[in-house]
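The chain contents come next:
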Amino acid sequence: MSRHHHALLAAFAVALAWPAGLSAQQPADQRRMDSLAAEVRALKARVDSLRARLGPTPAAAPAARPDTSGADELAALRAAAAAAVGTDTAARADTGTRTKFVGRERSQPQLNPEISVTGDVRAAARQPGVQRENFDPREFEVGFQSPLDPYSSTKIFVSLENGEVSVEEGYAYWTGLPGRIRFDIGKFRQQFGELNRWHLHALPETEYPLALRTYLGSDGLAGTGISLYRAFGGLGTHEVTAQVTRSASDDELFDGAGRPTYLVRLLNFWQLNRSTYAQLGGTALYGTNPDSSLRTKVGGLDFRLTWRPPARALYREWTLRGELFALRKEYGGAGTTRLGWYAGTTYKLSQRWIAGVRYDYVEDPPSGLITRQIIPSLTLWESEWVELRAQYAWTKIAAQPSTNQFALQAVWAIGPHKHETY
């Protein structure tokens with residue numbers, strides 16, 4: 001008889017001896033053991049029968065079709081033995097490997113969030129005027145990102161800016177909700193137009209467009225509240241976002257009302273061909289301050305056209321983008337609408353070099369004075385971790401002399417998330 005048969009008989013012998021030592025168990029347990037012993041005895045009888053059938057094989061047996069009935073019987077016997085003693089012996093016999101036990105708990109590294117740090121420093125000189133504050137450590141940002149469970153995730157960005165520590169963003173979000181809705185709650189930069197959602201270090205220039213800073217707040221539009229997002233198809237791809245927040249730009253836009261503000265955005269996306277896509281969006285923001293009979297309305301239109309050939313995306317890319325802003329602040333039903341807009345383009349000259357230019361036009365909300373800017377720039381995308389940019393800005397305010405500014409920006413990042421837009 002083969003080595004496997006001896007091992008199997010030894011297992012049966014242990015199984016037969018095991019119930020005999022349980023005479024002190026309760027009657028129900030004893031009946032179970034008696035039933036198990038009867039099954040094992042029946043299996044032993046089958047082993048004896050199989051051993052007689054297999055017998056020794058002659059050394060010089062003629063070639064013939066192998067009789068696999070004995071092997072099939074042995075496999076069935078092993079499966080029955082495993083079922084009788086309550087183990088996975090059959091699985092181990094078939095695979096020839098040891099049983100592996102896998103825990104479902106999260107390991108310590110998995111419990112840690114992904115941590116990224118970004119530095120953004122700028123040197124600048126102005127003409128005319130006295131030179132001061134030419135070197136500006138504008139922002140150091142620490143980002144924490146992690147899935148909370150299979151249904152939700154979180155992002156928290158802590159900013160050190162001008163010697164002050166603040167939470168730039170901190171929110172949790174849920175995806176896969178009924179109706180394919182995404183739900184966010186916390187503090188976040190809001191979905192107004194093309195660039196407001198981007199972090200400062202990820203912009204194509206060193207600053208947000210002048211119209212955005214003038215009409216949405218010096219740091220752009222952010223708020224604490226809730227956000228609902230839904231995407232759908234049909235003649236392109238479309239996204240709808242609705243947000244209710246207390247705005248961080250409350251003092252500038254709503255005279256410190258501290259009341260809820262409401263934002264709705266529709267974004268439409270079309271893939272024109274394999275290399276080119278276009279998007280067109282519209283946004284509306286509304287808030288009130290009953291104490292001063294103020295109603296603030298901000299509307300926006302934005303577009304982007306991007307050409308990125310798939311075979312040469314590392315070396316060639318062209319983007320044209322622009323936004324139009326309209327701000328109206330009404331006191332007692334009367335007010336004036338101010339307009340501002342920008343148009344900019346960037347072109348990737350090679351894998352590392354990106355050239356760009358932007359034009360700004362803004363009507364000042366209180367006075368109506370018009371400010372114009374022309375901002376060319378040249379960016380060295382050294383790697384995913386390091387980016388250097390040289391920029392010139394020509395600024396002209398109505399009835400005032402023009403000014404010139406030269407700036408050099410350095411952005412670097414460590415961690416899994418590099419120059420992330422948001």
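Before any of the text, the structure's been laid out above.
What comes next is a walk through the structure. Note that this is a predicted model, so its numbers are computed, not measured.

### Some details on the pairing of strand β1 (residues 114–127)
Piece 1. Sheet topology note: the β1/strand β2 (residues 135–149) ladder contains nine bridges and is antiparallel. The partner of Glu114 across the bridge, within β2, is Gln145.
Piece 2. Summarising the sheet, β1 and strand β16 (residues 403–414) pair through 11 bridges and their orientation is antiparallel. Looking at the pairing, Val117 lines up with Ile414 of β16.

### Description of the nonpolar core
Piece 1. Phe192, Leu216, Leu221, Leu253, Leu285, Val298 and Phe325 are the most contacted members of the largest nonpolar core, which has 21 residues in total.
Piece 2. Of all the secondary-structure elements, those providing two or more residues to this core are α6 (210–216), α7 (250–254) and β11 (318–331).
Piece 3. No other element matches the five residues that α6 contributes to this core.

### Some remarks on the packing of aromatic side chains
Piece 1. If you walk through the whole model with that rule in mind, you get nine aromatic pairs.
Piece 2. A connected cluster of aromatic rings, assembled from ring pairs, spans Tyr171, Tyr173 and Phe188.
Piece 3. Over the ring of Tyr173 we find Arg182, and its NZ or CZ is 4.0 Å from the ring centre.

Quick notes on the rules
- For every chain, the first residue of the written sequence is number 1, and numbering continues from 1 onward in sequence order.
- Given that the model is predicted, a residue must reach a pLDDT of at least 70 before its local features are reported, and side-chain atom pairs must reach 80 or more before they are shown or counted; all residues, however, enter totals for whole chains, interfaces and linings.
- Note: side-chain values were computed over all heavy atoms of the structure, leaving out hydrogens and water.
- Following DSSP output, two strands are said to pair if at least two bridges run between them.
- Each helix is a run of H or I in the DSSP string that is no shorter than four residues. Each strand is a run of E no shorter than two, and both are numbered from the N terminus.
- For the purposes of this section, nonpolar cores are sets of buried Ala, Val, Leu, Ile, Met, Phe, Trp, Tyr and Cys residues that join through side-chain atoms within 4.5 Å.
- Categorising residues by exposure relies on relative accessible area from a 1.4 Å probe, with only protein chains included: less than 20% of the type maximum marks a residue as buried, more than 50% marks it as exposed, and the intermediate range marks it as partly exposed.
- For Phe, Tyr and Trp, rings pair up if their centres lie within 6.5 Å, where Trp contributes its six-membered ring, and each pair is then called stacked (planes under 30 degrees apart), edge-to-face (over 60) or tilted (otherwise).
- In this scheme, Lys NZ or Arg CZ marks a charge over a ring once it lies within 6 Å of the ring centre and within 35 degrees of the ring normal.

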